[in-house]
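# Summary of structural features
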Amino acid sequence: MTSRFTELTVDCHDPERLAAFWCEVLDFKVIDRSEDKVEIGSWVPTVEDIRARQMPPTLQFIRVPEGKTIKNRLHLDVSPIDGSTQDEVTRVLGLGATKVDVGQGPDRNWVVMADPEGNEFCVLRTLAPES
């Protein structure tokens, strides 16, 4: 018997807004939505694909009444694939992210940021080919 990691769920006030933000950051598409939930991903999950092999998880944004109160215990890390880390930081700032200080210190090669609802994530080193 085994299980698959199929979704990562984010509690939020505005699922549509956060889904739109993360679709822009990750080049994902909306694959399902209901009144209080939006699911995004890089592919449309099928039972057959999930049973056959581990596939990339989707992100679900679920409406909840309470707000975020403390630092995330779990966060996403993203790595730019076609520009520098600083280029990606600038891009996601333009999408509505903010830089945050969680005590990481100034001498790091990653940048801690927060999405429009304050959920922390990190922009890591670039994976772009060196020119």
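Residues numbered from 1 in each chain as written. Predicted model: local features only at pLDDT ≥ 70, side-chain atom pairs only at ≥ 80, totals over all residues. Heavy atoms only, no water.

### Notes on the environment of Trp43
The topology assignment puts Trp43 in the loop between strand S3 (37-41) and helix H2 (47-52). Between the C-alpha atom of Trp43 and that of Phe28, which follows or precedes it by 15 residues, the distance is 8.0 Å. Discounting residues that sit within four places of it in the chain, Trp43 has contacts with Ile31, Asp49, Ile50, Met55 and Pro56. Side-chain polar atoms of Trp43 contact the backbone oxygen of Pro56, separated by 2.7 Å. (Helix = DSSP H or I, 4+ residues; strand = E, 2+ residues; numbered from the N terminus. Contact = heavy atoms within 4.5 Å. Polar contact = N/O pair within 3.5 Å; in protein donor to acceptor, adjacent residues only side chain to side chain.)

### Here we look at the environment of Thr46
Here Thr46 is to be found in the loop between S3 and H2. We classify Thr46 as partly exposed; its relative accessible area is 30%. In terms of polar contacts, Thr46 uses its side chain to reach the backbone amide nitrogen of Asp49, at 3.1 Å. (Buried < 20%, exposed > 50% of the residue type's maximum accessible area, 1.4 Å probe, protein only.)

### Remarks on the sheet that holds strand S6 (residues 98-99)
Here we have 4 strands laid out as an open sheet, ordered S5-S8-S7-S6, and mixed in their pairing. Both outer strands of the open sheet, strand S5 (76-78) and S6, are each paired with one neighbouring strand and no more. Strand direction decides the pairing type here: S5 and strand S8 (residues 120-123), joined by 3 bridges, are parallel. Residue pairing across strands places Leu76 opposite Phe121, the latter belonging to S8. Sheet contacts for helix H1 (residues 15-26): S5 and S8; angle to S5, the most-contacted strand, approximately 35°. (Pairing = 2+ DSSP bridges. Axes fitted to C-alpha atoms, helices over the stretch in contact; angles between N-to-C directions.)

### Thoughts on the UniProt feature "domain: VOC" (unreviewed entry) in the protein chain
Per the UniProt annotation, the sites labelled "domain: VOC" (unreviewed entry) are residues 4-126. Spanning residues 4-126, this segment combines 23% helix with 29% strand, and its end C-alpha atoms are found 28 Å apart. (UniProt positions renumbered as here; feature names shortened; annotations may be inferred.)

### Section: the side chain of Glu120
Positionally, Glu120 belongs in strand S8. The class for Glu120 is buried, based on a relative accessible area of 13%. Side-chain polar atoms of Glu120 contact the side chain of Lys68, separated by 3.2 Å. Look past the residues within four positions of Glu120 in its chain and what remains in contact with it is Lys68, Lys71, Asn72, His75, Leu76, Val100, Val102, Met113 and Ala114.

### A word on the layout of surface pockets
The calculated volume of the largest pocket comes to roughly 520 Å³. Residue lining of the largest pocket: 24 residues in total, with Val10, Asp11, Lys68, Asn72 and Asn119 positioned closest to the centre. When residues of the lining of the largest pocket are assigned to their parent elements, the largest contribution, 5 residues, is made by strand S1 (residues 7-12). (1 Å grid on protein atoms, 1.4 Å probe; cavity = no way out; pocket = protein on both sides within 12 Å on 5 of 7 lines; lining within 4 Å. Points joined across faces, edges and corners; volume = space filled by probe spheres on them.)

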